[in-house]
Amino acid sequence: MTNALLPEGFRDRLPPFADAAARLEQAVLGAAYAHGYERADPALAEFEAGLASRLKSARAQDVVRFVDPVSQATLAIRPDMTAQIGRIAATRMGHHPRPVRLSYAGPVLKLRASQLSPERELRQMGCELIGLDTVVAAREIVDVAVAALEAAGVRGISIDFTLPDLVATLAAGPLPVDASLIGELSDRLDAKDAGGVAEIAPAYLPLIEAAGPFEPAHDRLCAFDVGGALRSRLDGLWAIASGLKGRVALTLDPTERHGFEYQTWLGFSIFAEGVRGEIGRGGSYTIVHEGGAEEAAVGFSLYADAIVAAGLGDIDRRRLFVPLGTDPAISAAMRAKGWVTVAALEAGDTPEAQLCTHLLVEGEARAL
Ligand SMILES: N[C@@H](Cc1c[nH]c[nH+]1)C(=O)O
């Protein structure tokens, strides 16, 4: 074993990819800021118990935990920043008028690699709107997600909507299912396992068919909605989707549960052309305050690594080689025009060695 290796699931990000990721993050957070989402920068680790219980219905997450030698408490390294933003909104910003709009970006650590990525350390960024999970609030969040990705130059965006609490809602109303079987039924619906669904609750089978391009899928789901238990959810989805028509491709997969542990009536996954797997997701959820009071919220998270790895971040290098002995004022003038200048520090240095695309000749940039 050598110290030069990193553990499985970890990697260093090098130029030009680290620069591209930073630019992407800047563009996304800039767009979020322009929509009123100010930045919060939560701690990298915190008390495990607090992190796990902040969002209602969050399963005890697979987190990397350790006993802190200083506090003697079990700490967790955040696997997701949404619960942290929820904590900040519920405690230190508890007195702020609602809704509170916050953005964030930083590394998160997963105990295990996931579908989203074979990496365990990921850069997450996103926005949370705390105090509302209405259709109008959800529309804003989805809209900001799309605007932020567009600002970062990501094209061919598509959104796949889901209804995370669908089975629980139906089971508690028109299509009763034994409480002990709800989890199993949700898993089989998520896996589109018709045989498995038929064994537990055949009445749920049409849900498997109600997945696909948004409008026909929505129609099928409306037709299935016996008794109207899903009416408000379906109307809400329609309103959110109609705001995005023509701008992004839309699909609906009502029983998709993967990655939506704590989301309530609304969930969505974000995809981009040319990128394998999802680049983000979001939805509505419930924050639990210290005294047990509950507060609705909605938000989204994006994962920059997948976008950059697919070459969608801007990885163009345009670097101007400045020969030894050049007047520093000339370099400064070129930088002021937007050039990246790379100064020769030794006589033998070359533009090629410095990965330059241009050479400074008589005050002009000449392409190489
Ligand atoms: N943080 C969630 C997405 C989310 C943000 N807000 C609500 N949901 C995730 O990364 O899966």
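See the structure printed just above.
Thresholds applied
Residues numbered from 1 in each chain as written. Predicted model: local features only at pLDDT ≥ 70, side-chain atom pairs only at ≥ 80, totals over all residues. Heavy atoms only, no water. Pairing = 2+ DSSP bridges. Helix = DSSP H or I, 4+ residues; strand = E, 2+ residues; numbered from the N terminus. Axes fitted to C-alpha atoms, helices over the stretch in contact; angles between N-to-C directions. Near = heavy atom within 4 Å. Polar contact = N/O pair within 3.5 Å; in protein donor to acceptor, adjacent residues only side chain to side chain. Areas by Shrake-Rupley, 256 points an atom, 1.4 Å probe, with all protein chains shown as cover. 1 Å grid on protein atoms, 1.4 Å probe; cavity = no way out; pocket = protein on both sides within 12 Å on 5 of 7 lines; lining within 4 Å. Points joined across faces, edges and corners; volume = space filled by probe spheres on them. Buried < 20%, exposed > 50% of the residue type's maximum accessible area, 1.4 Å probe, protein only. Contact = heavy atoms within 4.5 Å.

A. Spatial organisation of the sheet that holds strand 4 (residues 74-77). Read from one edge to the other, the open sheet built from three strands follows the order 2-4-3, with strand pairing classed as antiparallel. The sheet is open, and its two borders are formed by strand 2 (45-47) and strand 3 (64-67), each paired with just one other strand. Averaged over neighbouring strand pairs, the angle between their axes works out to 35 degrees when direction is ignored. Relative to strand 4, strand 2 runs antiparallel, the two sharing three bridges. Across the sheet, E46 pairs through a bridge with A76, a residue of strand 4.

B. Molecular detail of the site of the ligand. Neighbouring the ligand are 14 residues, the closest being D80, T82, E128, R281 and Y303. Taking T82, its side chain carries an N or O atom lying 2.8 Å from a nitrogen atom of the ligand. In this structure, E128 approaches the ligand through a side-chain N or O atom, which is 2.9 Å from a nitrogen atom. Taken by itself the ligand offers 300 Å² of open surface, and the protein chains cover 97% of this.

C. Fine view of empty space enclosed by the protein. Counted under the stated rule, the structure contains one cavity of 30 Å³ or more. Its volume calculated, the largest cavity comes out at about 40 Å³. Along the walls of the largest cavity sit L163, P164, L166, V167, S186, L189, P254, T255 and R257, which together make up its complete lining. Counting residues per element, the ones that place at least two in the lining of the largest cavity are helix 5 (166-172) and helix 6 (182-190).

D. Structural context of unusual backbone geometry. The residue after P15, namely P16, is reached through a cis peptide bond having omega 0 degrees. With respect to the helices, strands and loops of the structure, P16 is situated in the segment before helix 1 (17-34). For the bond running from R98 to P99, omega is -5 degrees, close enough to zero to count as cis. Of note, P99 is situated in the loop between helix 3 (82-90) and strand 5 (100-109). Within the chain, S57 stands out as a residue other than glycine whose phi angle is a positive 70 degrees. You will see that E362, though not glycine, has its phi angle at about 50 degrees, which is positive. Summarising the element assignment, E362 is placed in the loop between strand 15 (358-361) and strand 16 (364-367). We classify E362 as exposed; its relative accessible area is 77%.

E. View of the side chain of D253. Positionally, D253 belongs in the loop between strand 9 (249-252) and strand 10 (267-272). Residue contacts for D253: discarding those within four places in its chain leaves D160, F161, T162, K192 and A211.

F. Quick look at the pairing of strand 10. Where burial is concerned, most of strand 10 is hidden: five out of the six residues are buried. Relative to strand 10, strand 7 (residues 157-162) runs antiparallel, the two sharing six bridges. Paired with F161 across the bridge in strand 10 is F268. Of the pairings in the sheet, the one linking strand 10 to strand 11 (residues 280-288) comprises four bridges and is antiparallel in character. Across the sheet, the residue bridging to I270 is G280, located in strand 11.

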